Amino acid sequence: MIETLIQLLISGAVLGSIYGLIGVGFSVVHTATGAINFAQGEFAVLGAFLAISLTGADLPHFFAVIISPIVLTLFVVLLFRIFLTRVADDALYLVVATIALSLMLKTLLLYFWGREPIGLSSPFQGKTLNIAGLMLGYDQLLIIAGALIAYIFLLFFFSKHPAGKAMKAVVEEKEIAMASGLNPALYQGVAFAFGSLLGAFAGCLVAPVSMLSYNSGGLLGLKGFASAIFAGLDRPERAVFGGIILGVIESLVVLFVPSGFKDVVALIVLLIVLTLKPEGFLSGGRKRLA
Amino acid sequence: MLEIKGLNAYYGHIKAVKDFSLRVKKGEIIAILGPNGAGKTTLIRSIGGFSPPYTEGEIIFNGKNITRLKPFERLGLGIAVLLEGKRVFPGLSVADNLFIGGYTLRRRKKELKENIESVLELFPVLRERLNKRASVLSGGEQQMLAIARALISSPEILCLDEPSFGLGPKVVEAIFKTLDYLRKERGLSIVLVEQDAALALKFSDYSILMVSGSKKIEGRSKELINDKRLLNIYLGG
Amino acid sequence: MLGLFKKYKNLKIVLFFSLLLVFAGLFLNNEYYFATASIFVINSLLITSLMMVIGYAGQISLAHGAIYGIGAYTSAILTTKLGAPFLLALLASALAGFLVSLIVGAPSLKLRGHYLAMATLGVGEIIVILFQELDFLTGGVNGFVGIKPAEIFGYSFVNLTEYYALVSVIAVSILAFLAIFVDSKIGRALRAIKSSEIAASSLGLNPSFYKLMVFGLSGAVAGSCGSLYAHLDRFISPSTFSVSFSVMMVAMVIVGGESSFAGSLAAALIFSLLNEYVRQFQELSQFLFGLGLFLVAIYMKGGIGNIGKIFPAKLERVKRSEAS
């Protein structure tokens, strides 16, 4: 019994790390632009599908998993540079543009990759680590590691790196930042690209563990957003923990309700946070930045 | 150095500044006076390149037409602007506030360090607070930090909107003395919007009184101090 | 009569729409086309009801497809499992849509803009999951099969031509009601609230009440649409009511112009024609409306329906710079 419980906790933490990574993308974009990227879930699926196609073309797994997010990020940078920068100042229109983007991406995913769910076959398939009787897949370990690396990187980025400080400055007081010679659109673009990079990376990490279909993005996005808002949208790095908490709750709930209702749990958490404490539970009481 | 020619500035249909012209010379302090809603803040925003307002007319700086430049392109040329009310990045530490002020110099590490050092000499109180979050500073310290931040990029002209607002008289006195020092020692030009007319006239070389968007009275500050018309506008409306 | 059209200017559009439906009825000659035409009528009404929320209450809802589904399942369950008469089921669907829409709209009292969008998206997704998982009621992912045809006082609308007529009559009546509603006193209050909530409150209007009223009304209409849809295909499944469809509808409303009757109806027409034209890849319309929404958001804040308002603004600007 205890072992099942621990196994459940672990698988919850693994899934939760994915939600967390996607959630970080939401927070970073929200921090810089005040908007929510509704296409974030689609970016995750697109990242995974690109990687699947790359490995299908006989490229090595690791290469595919790294190249796919980068390609996608470059695409987003172009998109931002050409179109989104025009509405970067107006959160509402930026949100509508990302809603539109999610519709288009979903159609493209369906057109190019079909209706059936697909997975990424990784070289670690079936390889597990046995720690005191607990089974932990290498692919699962990679997911957790990915989330932790993202956490540490972000912590460093926002507190130490000049660009991170500048991004924070733009969010806090846009006009003073402009008067200090910072171009807000640049940082908004960087945030957008970075958010999609994390989303695509999360997609690549989850694809070996669970199959994705063209419309998986909606639910993945919602859960990512739930993680982000649970942690507080103003603290991007903490979304990782928000996600892990959410994943664990989700997998424990299966003990009490039929597994089909599992997805409802994250959504209910989302609604509770939105209505009770939209500034998040892990944000330490600080007023939101944007 | 800075020249404004025939500036009109609008918020939607409302014309907040009407046909305003101004010349600022090196090392000169110009005070813009006037009651609320006279268009002073709009003028400062226009010099900084912020929108709104939507502007017409020309702003020339050192022979270059900067009318259509974005705010973040103006600092590099030597124009620093401190907007009304917003002074610091509240969530960043004092050191990081200063760092952002010198962001455009971040690749020239030595210069940046020297400049930070020199503003800390101007405002020693900031040195003791370097690692504190800016939001916990007092109002006066925040204003000093704002000025310090604006000075790091060594601008040629500094535009301030109501630097004395909400501060005690002693702090205001200290800030104005520092501004006076900067003008004398470094040849900094200053455009100053100020509610406190007596204070502004005392420290400035030249004053302009604005009423509903237009220049009403202008002249050397020394002469204006005794001008009855000024008193009338302030007291009689 | 003419005075009525002058006072409620959207009635002209509804009249034009009903003439279009009559002509379509005269020219179509095949049961299949009547089914397609009926779906067009249902979609027109559905999109107009969402337009009310976006354009008149100034709120966004990404759960409209789910409410449409609530109506469809309510009607299917009542008529087929419990043997209730069609008209009663239609009313019950409207009521169910009304109630669920109040729940969807409740967060709007506290949340704004994209937070509200996310909350409604969450509710919509939960409802669709319930359609899938409560299979003893809904038939689960395989859908609800064998829904009874609509029957009024013993007359059964099995023939799709006749059903088209029924759907058209109901839809046009509701549209006419909505057209009158938006230019009534209540409609004017809504516009006041949309332009400034604070100013409206100071006039004694309670924004929360009016916002919820629009959500409720829009939900009742969407619920009725669901009922009409359930008895048309006589088969419903959760995927029809997915969040993607809700997002798609928002795109159609905004592309059509967020408070334009004509725009919503035109968007529904374009949607139906596209789906008919490219049968093998129905999602093409999804892509095109996505693209439309994208371009509107970026280049034309306010929608195609507002194109007329863009030009005067430009003229004014030209005049102003000439004057100085």
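Every residue gets a number counted from 1 within its own chain, in the order that chain's sequence is written. Labels are handed out in written order, letters beginning with A for the chains and numbers beginning with 1 for the ligands. Thresholds applied to this predicted model are a pLDDT of at least 70 for local features of residues and 80 or more for the giving and counting of side-chain atom pairs; totals over whole chains, interfaces and linings are not thresholded and use all residues. Remark: hydrogens and water are excluded; side-chain values derive from all non-hydrogen atoms of the structure.

*Asks:* How should I be thinking about the confidence of the model for chain A in this particular structure?
*Replies:* Detailed reading of the predicted model is not advised wherever pLDDT is low. For every residue, the pLDDT score states the predictor's confidence, bounded by 0 at the bottom and 100 at the top. Summary statistics for chain A give a mean pLDDT of 88 and a share of 97% for residues scoring 70 or more. Contacts are assigned to residue pairs with any non-hydrogen atoms lying within 4.5 Å of each other. Across residues 285-290 of chain A, where pLDDT falls below 50, the model places 16 contacts with residues more than four positions away in sequence or in other chains.

*Asks:* Whenever I open this one, the interface of chain C and chain A confuses me. Can you help?
*Replies:* It is common to give the size of an interface as the accessible area lost on bringing the parts into contact. If you look at the interface, chain C gives 37 residues, while chain A gives 45 residues. What gets called buried area is simply the loss in accessible area from a 1.4 Å probe that two parts show on being joined, summed for both. Across the chain C to chain A interface the summed buried area is about 3700 Å²; carbon plus sulfur atoms make up 80%. Should a side-chain nitrogen of Lys or Arg be within 4 Å of a carboxyl oxygen of Asp or Glu, the pair is scored as a salt bridge. Put simply, R115 of chain A and E283 of chain C hold a salt bridge, and the shortest N to O gap is 3.4 Å. Each polar contact in these results corresponds to two N or O atoms within 3.5 Å; when the atoms are within protein, one needs to be able to donate a hydrogen and the other to accept it, and residues that are neighboring in sequence are counted only if both atoms are side-chain atoms. Here chain C is connected to chain A by 5 residue pairs in polar contact (both at pLDDT 80 or more).

*Asks:* Even after reading the chapter, I still don't get the confidence of the model for chain C, so can you show me in this structure?
*Replies:* Per-residue confidence for chain C gives a mean pLDDT of 87; residues scoring 70 or more make up 92%. Interface scoring of the predicted complex returns ipTM 0.88; its pTM is 0.83.

*Asks:* When you look at the pairing of strand β9 (residues 206-211) of chain B in this model, what are you seeing that I'm missing?
*Replies:* Put simply, side chains in a regular strand alternate between the two faces of the sheet. Residues and elements named next belong to chain B. In this description, strands pair whenever DSSP reports at least two bridges between them. In this text, helices come from DSSP runs of H or I with a minimum length of four residues, and strands from runs of E with a minimum of two, each type numbered from the N-terminal end. When strand β3 (residues 29-33) meets β9, the two strands line up parallel, connected through 4 bridges. The partner of A31 across the bridge, within β9, is S207. By the bridge criterion, 6 bridges tie β9 to strand β10 (residues 214-220) in an arrangement that is antiparallel. By the bridge assignment for β10, L209 is matched with I217. The hairpin turn running from β9 into β10, its antiparallel successor, is 2 residues long, and S212 in that turn takes a positive phi close to 35°.

*Asks:* What should I look at first to understand the interface of chain A and chain B in this one?
*Replies:* Across the contact, 20 residues belong to chain A and 23 residues belong to chain B. Across the chain A-chain B interface, the total number found is 2 salt bridges. R45 of chain B is the partner of E175 of chain A in a salt bridge, and the nearest nitrogen-oxygen pair spans 2.7 Å. Viewed at the interface, chain B and chain A are joined by 4 residue pairs in polar contact (both at pLDDT 80 or more). Among the secondary structure elements, those contributing two or more residues to the side of chain A that touches chain B are α6 (162-172), α7 (174-179) and α8 (184-206) of chain A. Note that Gly is not counted as nonpolar here; it falls among the polar residues with everything else outside the nonpolar set of Ala, Val, Leu, Ile, Met, Phe, Trp, Tyr, Cys and Pro and the charged set of Asp, Glu, Lys and Arg. Counted by class, the side of chain A that touches chain B contains 11 nonpolar, 3 polar and 6 charged residues.

*Asks:* Is there a simple way to explain the pattern of salt bridges in this structure?
*Replies:* Pairing is possible between side chains of opposite charge, provided their charged atoms come close. Counted according to the given criterion, the structure contains 25 salt bridges over all chains. With its nearest N and O atoms 2.7 Å apart, the salt bridge here joins D180 of chain B to K184 of chain B. Of this pair, D180 of chain B and K184 of chain B are both found in helix α7 (residues 169-186), 4 residues apart, which corresponds to roughly one turn of the helix. Salt bridges linked by common partners bring K223, E250, K262 and D263 of chain A together as one network.

*Asks:* Would you mind going over the sheet that holds strand β4 (residues 54-61) of chain B with me for this structure?
*Replies:* Adjacent strands of a sheet form backbone hydrogen bonds with each other and so pair up, either parallel or antiparallel. Residues and elements named next belong to chain B. An order of β2-β1-β4-β5 is seen for the 4 strands of this open sheet, with the pairing classed as antiparallel. The open sheet terminates on both sides in strands that have one partner only, identified here as β2 (14-24) and β5 (64-65). Examined bridge by bridge, strand β1 (residues 2-11) and β4 share 7 bridges and lie antiparallel to one another. Across the sheet, the residue bridging to E3 is I60, located in β4. An axis is simply a line fitted to the C-alpha atoms; with a helix, the fit covers only the stretch in contact. Between two such axes, the angle follows the N-to-C directions and lies from 0 to 180 degrees. Contacts between helix α1 (residues 40-48) and the sheet are confined to β1, β2 and β4, with β1 contributing the most and set at about 115° to the helix.

*Asks:* Before we go on, may I ask you to explain a nonpolar patch on the surface in this structure?
*Replies:* Residues form patches when they are more than 30% accessible in relative terms and have no salt bridge. Like charges link within 9 Å. Nonpolar side chains (Val, Leu, Ile, Met, Phe, Trp, Tyr) link within 5 Å. Computed with a 1.4 Å probe, the accessible areas rest on the Shrake-Rupley method; for each residue, only the protein chains presented here act as cover. On the surface, M1, I2, L5, I6, L255, F256 and V257 of chain A cluster together to form a nonpolar patch covering roughly 720 Å² of accessible area. As for its placement among the helices and strands, L5 of chain A is situated in helix α1 (residues 2-33).

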